[in-house]
Each structure stands twice: as structure tokens, then as C-alpha cells.
Amino acid sequence: MSDGVLRLGSDLPAEGVEVDTLSFGLPCQNYRIRYEAIVGERLPAPYDFALRLLRMAEPMRMEDFQAFFGWNATELSVLLSFLSDSELVAERSGRLSLGRAAVRAFTGTDDEHDTPMLSSPSLQVETVAFDKVSFNLLDPTLGKVHPAAALPLLSIRERERAANGAQAARSAFERNFTEFWHGRPQFNPELPLPKQPSVIEVEPKAIFRRELTIPVRLGGGPASWVDLDFADLERTGRQRSRDELITAVRREVGDDPSPGDEHLALRCLEATGLPFAKHLSRYRPSQWARLTLSQPRIEDAQMPTVLLCGSAISPQVRQQLMEAAVEREGEVALPDAPLLWLRPSMPLWGVGSAFAHLGADLARRAAHSVDGAILLCRAREERLGPEAVQRKARHTFDAVISLTGGSLPGALEIVLRPKIWALVLVHRPEEAKGLPVGTGMWTGAPGLVTSVERVLLDCLKGAKGHWTRRQRASRSDPIRLLRGLLA
């Protein structure tokens, strides 16, 4: 990886590339709603055709009407009896014309294709879910919260509205009735929307949470950008109906969620002799993303290095991580070494189901190791103490080590299989502040892996380790285990 090897490719697509996914806990509640609405039903075919004919040819002589369809006297009597009782047809002096109810039965303006409907009051009982942040209908595609997804809960600003949930649900149901009706499993697009919905009773039911995931996208061009992608929310329901939810997400993320010490992280990597570090310092995240698209692999005499842009759960990085790990581990005799994961100092890192699944996949690859997967965290974690990290990690990791020694920058993330492969990411914003983007590399080159191991070894002094899932009195504590592996 000498100077001048890396060459920028074409610009990023206009819509940008996905570099991360942020996950949040969305408080929700079910309500049992009884309501009445004027519901339209399609008429049987003979009545349908009869009304269409009269709409185009009224008034029409009785005998002409009967001759047009070829009905006998009994059939005609049955049909006219129903249509007259329903006030859909009126007869005067032997001539037939549409009745007053027929005006409401036709829902459109096209004489040939309009479909007459028989409308009547209908009492309905539905269980409807609303999110308690914006009191909009809950998107049914939102997944349940994964056991290992320790999600930050979106705050509820309208406390009074949330406390009076039944009244808020009533108003929200009436306001979003069109969205609700179209989302019903039995929705029939050929039937008209019920008219004049009137809520009779609202009964609060179960309170629960759903996982709300928001992609983070990185774009290039004349003005590069990194931003949350709210396209799915903005397309849902009435125009701007999810603005309150979008505001809640932005409030939770904050103006500058990056660790802020990316320059220290880059200098740390350069000091260890990692050759890619000097290239990383020269390029902004948007430029590094272009490199990963145009020149993702840097051929090395020992082992190719894969350039990465995004968090570990971003589509590109996850795919490259899994493929590269499988490729490398298939070439070497696997030692009895755990998977080590140094988390960056970012409160929203590693909290969603996407990370839980990735961690489980990688941990399964380390399952032959007696010690499984170990999470490394800094003792100074902001907003998330070591004890909280241990509670949140117990579903994915077998042990947690709190690094009290050394001075590893918070922007640095490392995933390591000692002696086999290493992934290194530096999380940094595109401009002076903003959403961080992971930029770095994966390598299986022994010399580079050893350099990464030295970065962690320097920080094990005074560290504290705890098994989270596997209590092994017969084995050494995780600190001693790591010192032996990385020495």
C-alpha cells in the first residue's frame, strides 16, 4: 500500500450509499375501538347492470327494460321489488328511473365504468396500534424488539396527550381513518372508503415497544453530505404526518453524535505502523467511500486488504466482513482464539437487532473457541457505564472487558480474531461535526494483524473482565487470557 496506489473512482450516486442504521425503541399502545361508518357494498350483478342501464337511459319503459335483459315476469318482479324497497329505482306511469338512493350509490362520474354501491351504517370493532410519540398509526412492518437490542427509547414530549391516550387515540383514528382503512388485511381497493366514521368507544389495551430503524446515507457530488434517511417515514400516511416522529429521532441523535477524537484515532493507527492509516488521513469519508467502490481490494504480498466505508452493520461492510472472514478462516488452521470486539464510544452503537444478528453470526464462527466472543469497552463511556454495557451485551458476547488503562480514542473500533484477521474502523464526520461514518479496512495479513493486536495489548493494564454467559471456574480470567493471546 505505497503512496499513489489509491485512486478515486466515480462520484457516489445521487441518492448516496447506506453507511449505517440507527435503531430506537418506539413506545406503542393498542386500543380497542368501536366505531360506526357508512360502508358501501357492491350489488349483485343483475342489480348492478339494471342501475347502470337506467343511469344512461332513464326514464325507460317497463317493457323495454324487461326486453333488454330478457327477463321473465317473475325475475323482473323480484329485481324491482328489491330495487324499489332500497329506493334505488322509482316507477311512475310504467316508466322506470333512478330513485333518490341511487344518487348516493354511484361513487364516480364515469357513466360507463362507475360501480353502484349499496351503502348502510355498519358497526365495527378493531384493535388499532398507535405510537405514543406522535400518536400516528403504527407501521405494521416495524419489527419486534430483539432480546439483544438494547434500544434507546424515544422520548415522549406530549406527556399530557400520552396520559390521556384514549382521547388522543380517538382523534388520531378519525384523523388517519383513510390510512387505517387502506392498511386493513381485508381492504378491497374496488370498494369506496367508508363515510362519516364516528367513534363510539375507545378502550386502552397493551403497551409495548417496536424497533424503529433509520438508515444513515453518505452522498458525494459538489457538496458531500451525511444524513438520516427518513424517506420511508415521509411516504407513510398523510403528508407530513410523521414530522413529530422525525423530530424525536433527530432530538435523540443530537447535533454532533461523533466521538470527536478521530484525529487521535488516526495518529494512533499511524503510530502502530499500519500502512493504510496515512491514506485514511488524506481522504474524507465521502472520498474513502469512492475508493471502496472503485478499488475495494489492495493487493498485498502477504494478503489482500479490503477497504471499508460504513459501520459494521452497513450492507457493504457486513457483506465484506462476512465474506472476508470466511475466506481467511478457511485458509488457516484455527487457533483456540476468541472474537474480540472493541466498541467505539458512541451511545447509539450496537443497540439494534441488525448488530445483534451480526454479532451472533460472528460469534457462531468463533463457537469452536472455548472463550467465544468478548466485548471490549472503555471505562469512560459517555452515557453508558461499564455495568450497563455488560447488561446490554450479555445476549451477544460471552465476556465483557472494561479497559481502564491506556488511552484508546473513542472513534476507534476494532474487530479481531487474534493471529487470523482484523477489522479497523475510525468513526468520523464528513465535516467538522455531524453523523460519524466508519472508514477503515479488513486484513488477514499476519504483519498487519499483529500491529492491531499491539494496539489492544497496550490498554489491558488495569482492565477488569467479567464472563456474561459462560462461568468457567476452570479457566483463567478473560484479562489473563487476552494478554496471553496478544503478547
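None of the values given here were measured: they were computed from a predicted structure. (Residues numbered from 1 in each chain as written. Predicted model: local features only at pLDDT ≥ 70, side-chain atom pairs only at ≥ 80, totals over all residues. Heavy atoms only, no water.)

(A) Representation of the overall build of the protein chain within the structure. Scanning the protein chain from N- to C-terminus turns up 17 helices and 17 strands. Restricting to contacts in the protein chain with at least 6 residues of sequence separation, those with at least 24 account for 77%. Accessible surface for the protein chain amounts to roughly 22,700 Å². Of this, 49% is attributable to carbon and sulfur atoms. (Helix = DSSP H or I, 4+ residues; strand = E, 2+ residues; numbered from the N terminus. Contact = heavy atoms within 4.5 Å. Areas by Shrake-Rupley, 256 points an atom, 1.4 Å probe, with all protein chains shown as cover.)

(B) View of unusual backbone geometry. For the bond running from Glu 58 to Pro 59, omega is -15 degrees, close enough to zero to count as cis. Here Pro 59 lies in the loop between helix H1 (45-57) and strand S2 (60-61). A positive phi is found at Glu 87, a non-glycine position, where the angle reads about 60 degrees. By the secondary structure assignment, Glu 87 is in the loop between helix H3 (73-85) and strand S3 (89-92). Classification of Glu 87 as partly exposed rests on a relative accessible area of 35%. Positive phi, normally seen in glycine, also occurs at Phe 135, with a value near 50 degrees. (Buried < 20%, exposed > 50% of the residue type's maximum accessible area, 1.4 Å probe, protein only.)

(C) Summary view of the packing of aromatic side chains. All chains considered together, the criterion is met by 20 aromatic pairs. Ring centres of Trp 341 and Trp 349 lie 6.1 Å apart, and the angle between their planes is 65 degrees; on these two criteria the pair is classed as edge-to-face. Residue Trp 349 is classed as buried on the basis of its relative accessible area, which comes to 10%. A connected cluster of aromatic rings, assembled from ring pairs, spans Tyr 35, Phe 173, Phe 177, Phe 180 and Trp 181. Here Arg 184 stacks its cationic end above the ring of Trp 181, 4.0 Å away from the centre of that ring. (Phe/Tyr/Trp six-rings, centres within 6.5 Å; stacked < 30°, edge-to-face > 60°. Lys NZ or Arg CZ within 6 Å of the ring centre and 35° of its normal.)

(D) Structural detail: the sheet that holds S3. Reading across from one edge, S2-S4-S3 is the order of the 3 strands in this open sheet, with antiparallel pairing throughout. Strands at the two margins of the open sheet, each flanked by one partner only, are S2 and S3. Here 2 bridges tie S2 to strand S4 (residues 95-98), and the two strands are oriented antiparallel to one another. Pairing of Met 60 across the sheet is with Leu 96, part of S4. (Pairing = 2+ DSSP bridges.)

(E) Inspection of the pattern of salt bridges at higher detail. Under the defined criterion, the tally for this structure stands at 14 salt bridges. Note that Arg 242 and Glu 179 form a salt bridge whose closest N and O atoms lie 2.8 Å from each other. With a gap of 63 residues between them, Arg 242 in the loop between helix H8 (231-234) and helix H9 (243-253) and Glu 179 in helix H7 (residues 177-182) connect regions that are remote in the sequence. Since its relative accessible area comes to 4%, Arg 242 is described here as buried. We note a salt bridge from Glu 203 to Lys 205, for which the minimum N-O separation is 3.2 Å. We classify Glu 203 as partly exposed; its relative accessible area is 30%. (Salt bridge = Lys/Arg side-chain N within 4 Å of Asp/Glu carboxyl O.)

(F) Region of interest: the environment of Leu 293. Along the polypeptide, Leu 293 turns up in helix H12 (residues 285-294). Setting aside anything within four residues of it in sequence, one finds Leu 293 in contact with Leu 12 and Gln 316.

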